[in-house]
Amino acid sequence: MTDSKYFTTTKKGEIFELKAELNSDKKEKKKEAVKKVIASMTVGKDVSALFPDVVNCMQTDNLELKKLVYLYLMNYAKSQPDMAIMAVNTFVKDCEDPNPLIRALAVRTMGCIRVDKITEYLCEPLRKCLKDEDPYVRKTAAVCVAKLHDINAQLVEDQGFLDTLKDLISDSNPMVVANAVAALSEIAESHPSSNLLDLNPQSINKLLTALNECTEWGQIFILDCLANYTPKDDREAQSICERVTPRLSHANSAVVLSAVKVLMKFMEMLSKDLDYYGTLLKKLAPPLVTLLSAEPELQYVALRNINLIVQKRPEVLKHEMKVFFVKYNDPIYVKLEKLDIMIRLASQANIAQVLAELKEYATEVDVDFVRKAVRAIGRCAIKVEQSAERCVSTLLDLIQTKVNYVVQEAIVVIKDIFRKYPNKYESVIATLCENLDSLDEPEARAAMIWIVGEYAERIDNADELLESFLEGFHDESTQVQLQLLTAIVKLFLKKPTETQELVQQVLSLATQDSDNPDLRDRGYIYWRLLSTDPVAAKEVVLAEKPLISEETDLIEPTLLDELICYIGTLASVYHKPPSAFVEGGRGVVHKSLPPRTASSESTESPETAPAGAPPGEQLDTVPTQGDLLGDLLNLDLGPPVSGPPLATSAVQMGAVDLLGGGLDSLMGDEPEGIGAPSFVAPPAAAVPANLGAPMGSGLSDLFDLTSGVGTLSGSYVAPKAVWLPAMKAKGLEISGTFTRQAGSISMDLQLTNKALQVMTDFAIQFNRNSFGLAPAAPLQVHAPLSPTQTVEISLPLSTAGSVMKTEPLNSLQVAVKNNIDVFYFSTLYPLHILFVEDGKMDRQVFLATWKDIPNENEAQFQIRDCPLNAEAVSSRLQSSSIFTVARRNVEGQDMLYQSLKLTNGIWVLAELRIQPGNPSFTLSLKCRAPEVSQHVYQAYETILKN
């Protein structure tokens, strides 16, 4: 009779009846009652009220009844910890039972009862079982230690169970060894810092001996443990590989993959010249191929692992291409994985075979598979150059089938082929254009638009084709809109006369009618580029593109090495490290392959420049512009920081919109490029708030702000000028100037609230700039700024910020935040605020340095309308840290030889010729960074004329 009867009771007062049956004198009735209790528990009924009655049934010799009671106990011990203590005595007794099965059952159940109160009572029985004469009890006790460690790690360490576990690695029974290894590995995983598995050649030898005799799961534990060992040299690695290789022929796929993991790891240490290395490669292929004859789920796991192996060592399976050919009845997930591996193994030797197979796949009925097959043909063309022509003709044949999704995929991959082999296969463009109307997927439309824009000069009706896309611009996906914008700008730069209306239309659609910030920003960049410098626009937009690489989807090498160490685990199926998907407190250890012992190159750190380099040797003090738009840092939107000024420039900086205040104010008034088409600037209404900047403030305006009076001490200070008008900043007006006094640079700001609401929470940030200027303290506005109120603030600056060469060299882009919004503006700082006080050079050094700097670095300027004599000039310049090193009179002319030093260590040497009675001076400047000279000349003019 089956046990189903226990699940079909409908009696009332069931618990009461069960209680009576549990306390019956008849053994058979007792057993029936416990079975009913377990059945009720299984279907989710609460039978915890019967706990004391069930525990009483433990006192029995019947193994079946004992197992049922232990099962009940494991389930309810957590909710009834006080009652569970009643069972402790029975456990202790059962651990000394003559029957080893009962001893093992008791110790297994003890490990599963996760109740702190009970654990300490279980230590003695566990200690006895770890040293039991029966190996079945010892192997069960070994696993129990790991479970107990999970509940109370400190107790396990204090009781010395870890040492006992380590001793069990030397046990005579292979299953005990395997379980001891599994328990230690489990404990070591949750405590990565503890060196529990202290593996050495002796213990490794014991594990390898046990490997041949234990069960398949025991073998997996031992192999995983071996994979964590790093042999001391290649001979030991070879010896371990030889002893692990027989596991490759095991029937269990998990054992095979664990063995492959060990061999892949230790092969790193073997020299490729060894005969054994070649033998090992040959031995690895057959077991991997055999895994592909298993059921589909196992095949998929095997294929995901093979994918990693092929990326690491393609030579393992290079002759096994045929096993990866797709079978008609393979599930889609297996087909796609096989396809991926086929591409990875494709080479000149087998490409004909692969292409024939892929062409066959492209006529299948499964749409996803067909798409992937067409993409695979494109990847083959990019990977194996010799096959490119054959691939292109195969793709053209597929386009002729006129099957919609085949045509679309083919166009996407042909775009990549054009990028890999420019000026080779452009003859097919006409065929592609014929299929323009059938494209309805964003990726295919975007690819086609890219082709039309890139090769506009070869397509007679390119403007008509792009115009047809423009009609439904707002219905297109972002990918297509961005591509269309770029393609029309390319077309305009190639054929400016015919397409001016078209480009104006697309720029207005992108900037005025779109709410996508990416599209809008790209529109503004193109608009500004075209309206200010069409030559630069051509260089940017039509720049030569780098060839695309053949393998864009390869796993990054360090991640691949880590995943090889996880072959046969979930990480190898996800192709992600465990840290990416394992949650919880358990520490995830990052594994890596052992270093090759064959190569012994020492990696030396690059030589650092000598400390005592002479002045002017530091040529790289103004680095080149690393990235076009600078480093946009996160603005701290919290309240202003109050407290002492910071020593460094590590003040929280703002996300400077470089296209806003920055470029606007630097480009606003510049004339159009010569021969440029008549381009209009973007309409003011279309410019979003974050792009707001004084449009009319060109370079000359900004520099004219430096006309004013000097201070009594320190260098010349220009009067404050309006940097951010109130209309651009929601009522906040910012005026300012820069000062340098007693070696400290400051930005003197005047904040005026012209709005109707109070302003608070001020913060400031600079974008990266040529000389590393950055706030040395937060922007301290101590009281809220009421309407119509003005506050004066001196913001100390340091030159220890991030450096990036800007154009012009002295431009500064600033973000200011308050409780209303974030505002951006751009200004130019006079270079003399960067002239340091110890810039006077010794005469001999001056002479030597002047001769040493090449003549092509010398620049000459005229300073007009300056009625000062030589003494007044020298005195005025000295107050701004331009020092006269020597003075001579040659043929009635006063010659002043001067030196100055910038905050970043660049020295500038000057010769100033003054003809008495002539208000025009000649200034010659020599510097190792000649781009500085123009700005130093402007500083001379500013200081001498004010």
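- As recorded in an unreviewed UniProt entry, the protein goes by Adaptor related protein complex 1 subunit beta 1 and comes from Ovis aries.

1. Overview of the environment of Met 264
- Mapping Met 264 onto the fold places it in helix α16 (residues 253–267).
- On the accessibility criterion, Met 264 (1% relative accessible area) is buried.
- Between the C-alpha atom of Met 264 and that of Arg 313, which follows or precedes it by 49 residues, the distance is 8.9 Å.
- Excluding its chain neighbours within four sequence positions, the residues that come into contact with Met 264 are Leu 284, Ile 309, Lys 312, Arg 313, Ile 564 and Ile 567.

2. Regarding helix α8 (residues 116–130)
- Between its first and last C-alpha atoms α8 spans 21 Å; for 15 residues at 1.5 Å apiece the expected length is 21 Å, and the two agree.
- The largest bend in α8 comes to about 45 degrees, at Leu 122, with the proline Pro 125 one to four residues further on.
- Restricting attention to buried positions, one finds in α8 the residues Ile 118, Thr 119, Leu 122, Cys 123, Pro 125, Leu 126, Cys 129 and Leu 130.
- For α8, the elements touching its buried residues are α5 (81–84), α6 (88–94), α7 (100–112), α9 (135–151), α10 (153–158) and α11 (161–168).

3. Some details on the sheet that holds strand β3 (residues 744–753)
- Strands sit in the order β1-β2-β3-β6-β5 across an open sheet of five strands; the sheet is antiparallel. The sheet is open, and its two borders are formed by β1 (721–724) and β5 (774–775), each paired with just one other strand.
- With eight bridges connecting them, β3 and strand β6 (residues 790–798) associate as antiparallel partners. Within the sheet, the bridge partner assigned to Ile 745 lies in β6 and is Leu 797.

4. Details of the environment of Ser 746
- Following the sequence through the fold, Ser 746 ends up in strand β3.
- The spacing of Ser 746 and Ser 794 is 48 residues in sequence and 6.1 Å in space, taken between C-alpha atoms.
- Excluding its chain neighbours within four sequence positions, the residues that come into contact with Ser 746 are Thr 737, Phe 738, Thr 739, Ser 794, Leu 795, Pro 796 and Leu 797.

5. Looking at helix α4 (residues 63–76)
- Its 14 residues place the ends of α4 20 Å apart at the C-alpha level, agreeing with the 20 Å of an ideal helix rising 1.5 Å per residue.
- Three or more residues of α4 are buried, namely Leu 65, Lys 66, Leu 68, Val 69, Tyr 70, Tyr 72, Leu 73 and Tyr 76.
- Those residues of α4 that are buried are in contact with α2 (27–42), α3 (51–56), α6 and α7.

6. Some words on the side chain of Lys 490
- Assignment of secondary structure puts Lys 490 in helix α27 (residues 478–494).
- Taking the relative accessible area as the measure of exposure, Lys 490 reaches 4% and is therefore buried.
- Of the polar contacts made by the side chain of Lys 490, one reaches the side chain of Glu 454; its length is 2.8 Å.
- Lys 490 has contacts with Trp 450, Gly 453, Glu 454, Val 541, Leu 542 and Lys 545, leaving out every residue within four places of it along the chain.

7. Topic: the sheet that holds strand β12 (residues 907–914)
- The five strands are arranged β9-β13-β12-β11-β10 in an open sheet whose pairing can be described as antiparallel. Lying at the two open borders of the sheet, with one neighbouring strand each, are β9 (858–863) and β10 (883–890). Each strand axis lies, on average, 20 degrees off the axis of its neighbour in the sheet, ignoring direction.
- Of the strand pairs in this sheet, β9 and strand β13 (residues 921–927) are connected by six bridges, and their pairing is antiparallel. When the bridges of β13 are listed, Gln 860 appears paired with Ser 924.
- Helix α36 (residues 870–878) rests against β10, β11 (893–901), β12 and β13 of the sheet, and its axis sits at about 5 degrees to β11.

Analysis parameters
Residues numbered from 1 in each chain as written. Predicted model: local features only at pLDDT ≥ 70, side-chain atom pairs only at ≥ 80, totals over all residues. Heavy atoms only, no water. Helix = DSSP H or I, 4+ residues; strand = E, 2+ residues; numbered from the N terminus. Buried < 20%, exposed > 50% of the residue type's maximum accessible area, 1.4 Å probe, protein only. Contact = heavy atoms within 4.5 Å. Expected span 1.5 Å × (residues − 1). Bend = angle between axes of the 7 residues up to and from the residue. Pairing = 2+ DSSP bridges. Polar contact = N/O pair within 3.5 Å; in protein donor to acceptor, adjacent residues only side chain to side chain. Axes fitted to C-alpha atoms, helices over the stretch in contact; angles between N-to-C directions.

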